[in-house]
Amino acid sequence: MINLDKIFRQNILQLKPYSSARDEFQGEADIFLDANENPFNSPYNRYPDPLQRQLKNKIATIKNVPPGTIFLGNGSDEPIDLIIRASCEPGIDNVVAIDPTYGMYKVAADINHVTYKAVSLTENFELESQKVLAACNEHTKIVFLCSPNNPTGNYLNENEINIILQNFSGLVVLDEAYIDFSSHEGYLKKLADFPNLIILQTFSKAWGLASIRLGMAFANPAIIDIMNKIKYPYNINLLTQQFADKALDNEEQKKQWVQTILINREWLIEKLKKLRIVEKVYPTDANFVLVKVTDASRTYNYLIEQKIIVRNRSNVTLCNNCLRITIGTHTENEKLIEALEEYASR
Ligand SMILES: *Cc1c(COP(=O)(O)O)cnc(C)c1O
């Protein structure tokens with residue numbers, strides 16, 4: 001079991017949450033005069049389900065987890081912020097994360113006045129559990145891991161992840177935003193084995209729905225209850241709930257997109273490896289690839305002139321002269337390669 005008292009802030013554990021009209025009455029009825037809504041303009045006049053029950057039931061079926069282990073947020077940004085806010089006493093507690101990784105963990109920690117400790121991966125971007133554990137002290141509430149990792153693209157070694165899960169007594173947030181593109185199945189099946197594990201997934205990548213802002217967190221129901229208690233009451237609007245609900249009915253579409261992106265990824269990697277300006281193409285389990293080139297800034301600026309935008313990650317730890325390239329359509333990838341061939345031949 002997990003010791004909620006040691007992980008979460010006392011004010012959060014003791015908080016009496018806002019109780020909305022939709023919380024206080026949930027059954028079927030004919031006339032709703034309880035929420036000061038406009039009686040016209042159905043269905044948009046009504047406040048949405050604060051706990052997104054229908055949508056969660058569908059996600060639960062697809063992911064094969066109990067609905068009570070799911071939290072839905074306004075993107076992954078919301079659960080990242082809520083988990084920090086619920087557990088870390090500003091100015092006192094700290095979080096530990098791998099480096100390099102996704103930038104939002106640090107931003108969310110900084111906003112909450114929580115010290116962020118970065119632990120470097122190896123040269124090959126591998127996770128060293130002992131180094132992460134050594135960086136933790138009695139005020140460390142969260143360890144952030146990301147697998148497949150952004151911007152490196154690699155899937156972290158599961159033995160190393162397991163050692164952290166077993167030996168760290170706070171929360172382990174494992175961000176699996178890119179898991180659909182990986183050859184590994186990820187940690188969702190092991191959720192019940194680790195009461196301190198929080199898995200993040202998203203509709204923004206494989207599902208092709210970055211615009212509707214919908215992120216998922218999966219964890220032990222005791223943790224989910226705390227997140228529900230402190231979120232904004234109607235954090236997921238009706239349009240997003242309905243649109244995601246419809247998308248989930250066509251999981252086949254998502255699978256096809258992923259298959260196409262994986263084929264395009266292999267094609268792009270082979271072409272990149274042949275370029276004179278490319279020094280290394282790092283292994284990837286995601287829908288992007290990290291590439292070390294001879295001069296990242298010049299290549300990046302040249303591509304901008306060609307109206308092709310990639311991400312320059314040169315200033316990131318261990319990523320000197322690296323560009324992060326998202327896998328596009330086959331036509332887009334061809335145009336990128338043509339531009340790079342042209343650039344390399346000058
Ligand atoms: C893209 C990405 C996300 C998704 O964030 P949303 O807020 O859900 O769009 C989460 N984590 C990582 C590591 C990402 O790269």
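About the criteria used
- Residues numbered from 1 in each chain as written.
- Predicted model: local features only at pLDDT ≥ 70, side-chain atom pairs only at ≥ 80, totals over all residues.
- Heavy atoms only, no water.
- Near = heavy atom within 4 Å.
- Polar contact = N/O pair within 3.5 Å; in protein donor to acceptor, adjacent residues only side chain to side chain.
- Areas by Shrake-Rupley, 256 points an atom, 1.4 Å probe, with all protein chains shown as cover.
- Nonpolar A, V, L, I, M, F, W, Y, C, P; charged D, E, K, R; others polar.
- Pairing = 2+ DSSP bridges.
- Helix = DSSP H or I, 4+ residues; strand = E, 2+ residues; numbered from the N terminus.
- Axes fitted to C-alpha atoms, helices over the stretch in contact; angles between N-to-C directions.
- Buried < 20%, exposed > 50% of the residue type's maximum accessible area, 1.4 Å probe, protein only.
- Lys, Arg positive; Asp, Glu negative; His and termini not counted.
- Salt bridge = Lys/Arg side-chain N within 4 Å of Asp/Glu carboxyl O.
- Contact = heavy atoms within 4.5 Å.
- Arc of directions from axis to C-beta.

Draft legend 1. View of the site of the ligand. Residues in contact with the ligand amount to 14 residues; listed here are only the nearest, Asp175, Tyr178, Ser204, Lys205 and Arg213. Measuring from an oxygen atom of the ligand, one finds a side-chain N or O atom of asparagine 150 at 2.8 Å. Between the ligand and arginine 213, the relevant distance is 2.6 Å, taken from an oxygen atom to a side-chain nitrogen or oxygen of the residue. Within the complex, the protein chains bury 93% of what would otherwise be the 390 Å² of accessible surface of the ligand. For the shell around the ligand, the residue count by class is 5 nonpolar, 5 polar and 4 charged.

Draft legend 2. Broad picture of the sheet that holds strand S1 (residues 70–73). Spatially, 7 strands are ordered S1-S7-S6-S5-S4-S2-S3 in an open sheet, and the strand pairing comes out mixed. With one partner strand each, in any of the chains shown, S1 and strand S3 (115–120) form the two edges of the open sheet. Within this sheet the neighbouring strands show an average axis-to-axis angle of 25 degrees, counted without direction. The pairing of strand S2 (residues 94–99) with S3 spans 6 bridges and is parallel. Its bridge partner lying in S3, alanine 97 is registered against alanine 118.

Draft legend 3. The side chain of aspartate 285, seen in detail. For aspartate 285, the location among the structural elements is in the loop between strand S8 (278–281) and strand S9 (288–293). Here aspartate 285 sits buried without a salt bridge, and the closest side chain of opposite charge, arginine 265, lies 5.1 Å off (N-O distance). Within the structure, the side chain of aspartate 285 is placed 3.4 Å from the backbone nitrogen of serine 183, a separation counted as a polar contact. When sequence neighbours within four positions are dropped, the list of residues in contact with aspartate 285 reads Pro148, Gly153, Tyr155, Tyr178, Phe181, Ser182, Ser183, His184 and Arg265.

Draft legend 4. Structural view of helix H4 (residues 53–63). Looking only at H4, the buried set comprises Leu55, Lys56, Ile59, Ala60 and Lys63. What you see down the axis of H4 is that its buried residues fit within an arc of 140 degrees, all on one side. Residues of H4 that are exposed and point over 90 degrees away from its buried face: Gln54 and Thr61. Positive phi shows up at asparagine 64, right after H4, with a value of about 60 degrees.

Draft legend 5. Structural context of unusual backbone geometry. With an omega dihedral of -5 degrees, the bond running from serine 147 to proline 148 counts as a cis peptide bond. Following the sequence through the fold, proline 148 ends up in the loop between strand S4 (140–146) and helix H8 (158–167). Note the cis peptide between asparagine 150 and proline 151, where omega equals 15 degrees. As for its position among the elements, proline 151 is in the loop between S4 and H8. Even without a glycine there, the phi angle at asparagine 36 is positive, about 55 degrees. On the secondary structure map, asparagine 36 appears in the loop between helix H3 (21–24) and H4. The class for asparagine 36 is exposed, based on a relative accessible area of 80%. Look at lysine 307: it is not a glycine, yet its phi comes out positive at around 65 degrees. Tracing the sequence through the fold places lysine 307 in the loop between helix H12 (296–305) and strand S10 (311–312). Using a relative accessible area of 75% as the deciding quantity, one classes lysine 307 as exposed.

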